[in-house]
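Examination of the molecular architecture
Here is what each chain is made of, one letter per residue.
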Amino acid sequence: MTSEPFKPQLLQLVQSENDWSIVSAALPASLLEALGQGIATSAVLSRDSVDYSLFYVAASKKLLMFSHDPQALLTPVAAVSVPEALDYLDVFYLGGAPYIATYAKASSYLNLYRLNADNSLTPVHNQYVGSGFTMMHVLPYRDTTCVVLYNGTTGDCVKYQLAVPPYDGLSLTQVWSDIWAKTWGHFTFFEFGGENFFLKINQQHEKVNIDHFMDDPDEGSHPVLSKDADNSLLSSSVLAGFQGPEGQAYFLNYQYNGSLSLNSIYPNCLGWWPLASQTVSTGGTVLHPFTTAAANYLLILN
């Protein structure tokens, strides 16, 4: 007996004063068709006051680009060819223009691209960093941009600083490295007051941390919170975070059994408030929160 293929799910994250709820929403057939199957990872970017969602399809090496719309939710804009396969995708900005960083675990290179006005990608730098990293994230801070990578098998963590020379192309210089404990995962980054923080779970050692990356590029991170992980985090399949309009930091926890929860991180980072929960279909591998002018939404994809 064969199981039915996974169907993407759309949920609305509804706030009424101080109360939140997670409500099933109808996924337009046109959007379902445009998304297709095989979404490996996703990201959100802003350009010229318009928000966009990016979805990477591994089989075709295409980056699907959708604009956010209060009526249509997501409107297809482009299907962009990505020169190199990727496992991790992040967006950053230089001079207000969007750029994209990508990395594949089987590769040894971090790739940087400029997203052009016609929605094509121009490679601007590729950096040898080594293979096997299980997390890649771009850290903006004031007038500095860094990229951090972590290898959950070895514990290696490195940080590169981005330089924008006046005449030459972009470059990356390693400015910090350390050996962390192994098997950290489910990294979820957020900002408070322009400072970079992240939540991470170690399901093997049953721990959860919230860490703060130090302000200087050549410094690492330090834990603000370190405690035993509860059962909901130990059974987490995917975590995803997003920021509210006034800087609030939220994260969604999707468990293997289909339990989904929405949480708000304390401003002092010493814990979080549970806001809402819902039971949804199992089998999703990507959580994609996005916002239109009308509401907050979550797509669960595979």
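A few points on the structure. Being a predicted model, the structure only gives us computed values, none of them experimental. Within each chain, residue numbers correspond to sequence positions counted from 1 in written order. The model is predicted, so local features are restricted to residues of pLDDT at least 70 and side-chain atom pairs to those at 80 or more, both for listing and for counting; the totals for chains, interfaces and linings are taken over all residues. For the side-chain quantities, the full set of heavy atoms in the structure was used; hydrogens and water were omitted.

**Considering the pairing of strand β7 (residues 88-94)**
Classification of residues uses two cut-offs on accessible area relative to the type maximum, computed with a 1.4 Å probe and protein chains only: under 20% is buried, over 50% is exposed, and between them is partly exposed. Only runs of H or I of at least four residues qualify as helices and only runs of E of at least two qualify as strands under DSSP, and these elements are numbered from the N terminus. With six of seven residues buried, β7 is to be regarded as a mostly interior element. In this antiparallel pair of consecutive strands, β7 and strand β8 (residues 97-103), the connection spans two residues, and G95 shows a positive phi of 60 degrees. Pairs of strands are assigned from DSSP output, requiring at least two bridges between the strands.

**As for a negative patch on the surface**
Here the term patch refers to residues with relative accessible area over 30% and no salt bridge, with like charges joined within 9 Å and nonpolar side chains (Val, Leu, Ile, Met, Phe, Trp, Tyr) within 5 Å. Accessibility throughout is a Shrake-Rupley quantity obtained with a 1.4 Å probe, and a residue counts as covered only by protein chains that appear here. When a carboxyl oxygen of Asp or Glu is within 4 Å of a side-chain nitrogen of Lys or Arg, the pair counts as a salt bridge. For the charge count, each Lys or Arg is scored as positive and each Asp or Glu as negative, with His and the chain ends excluded. Charged side chains are reduced to one point each, which is NZ for Lys, CZ for Arg, CG for Asp and CD for Glu. Residues D215, D216, D218 and E219 make up a contiguous surface patch of negative charge. Its place among the elements puts D216 in the loop between β17 (207-213) and β18 (221-228).

**Looking at the sheet that holds strand β11 (residues 135-141)**
Neighbouring strands of a sheet are bound in pairs by backbone hydrogen bonds; such pairs are parallel or else antiparallel. Overall, antiparallel pairing links the four strands, which are arranged β11-β12-β13-β14 in an open sheet. Of all the strands in the sheet, the pair left with one neighbour each is β11 and β14 (171-179). Recorded for the sheet is a direction-independent mean angle of 20 degrees between the axes of neighbouring strands. Of the strand pairs in this sheet, strand β13 (residues 156-163) and β14 are connected by eight bridges, and their pairing is antiparallel. Following the sheet pairing, C157 is matched in β14 by D178. Axes here refer to lines fitted to C-alpha atoms; in helices the fit is confined to the stretch in contact. Angles between the N-to-C directions go from 0 to 180 degrees.

**Points about the environment of I201**
Looking at where I201 falls in the secondary structure, it is placed in strand β16 (residues 195-202). Judged by relative accessible area, which is 1%, I201 ranks as buried. For I201 and W184, which are 17 residues apart along the polypeptide, the C-alpha to C-alpha distance reads 5.7 Å.

**Quick word on unusual backbone geometry**
Here L73, not a glycine, exhibits a phi torsion of approximately 70 degrees, which is positive. Looking at the secondary structure, you find L73 in strand β6 (residues 73-81). Located in the positive-phi region is N119, a residue other than glycine, with phi close to 70 degrees. Note on placement: N119 falls in the loop between β9 (109-115) and β10 (121-128). A residue is classified by how much of its surface remains accessible, and N119, at 12% relative accessible area, is buried.

**Notes on the sheet that holds strand β15 (residues 185-192)**
Overall, antiparallel pairing links the four strands, which are arranged β15-β16-β17-β18 in an open sheet. Each of the sheet's edge strands pairs with one partner strand only, and the pair in question is β15 and β18. The average undirected angle you get between the axes of adjacent strands in this sheet is 20 degrees. Two strands pair when backbone bridges link them, and β16 and β17 are joined in this way by six bridges, in the antiparallel orientation.

**So, the environment of N231**
With respect to the helices and strands, N231 occurs in helix α2 (residues 231-234). In this structure the C-alpha to C-alpha distance between N231 and Q203, which are 28 residues apart in sequence, comes to 9.7 Å.

**A closer look at the state of the cysteines**
In plain terms, two cysteine sulfur atoms within 2.5 Å form what is called a disulfide here. Summed over all chains, the structure comprises zero disulfides. For C146, which is in no disulfide, the shortest distance to another cysteine sulfur is to C157 and amounts to 12 Å. Left unpaired, C269 is separated from the closest cysteine sulfur, that of C157, by 18 Å. With a relative accessible area of 2%, C269 lands in the buried category.

**Some words on the nonpolar core**
Burial of nonpolar side chains together is a common tendency in soluble globular proteins. Judged by nonpolar contacts, the single largest core of 19 residues is most densely connected at F92, Y103, M136 and L149. In this view, F92 contacts A97, P98, Y99, I100, A101, L112, V138, T145 and L162; residues no more than four positions away in its chain are not counted. Formed by 18 residues, the second largest nonpolar core is a distinct cluster that contains Y254, L260, L298 and I300. Nonpolar cores are built from buried Ala, Val, Leu, Ile, Met, Phe, Trp, Tyr and Cys residues. Side-chain atoms within 4.5 Å join them into one set. Throughout, a residue-residue contact means that at least one pair of heavy atoms, one from each residue, lies within 4.5 Å.

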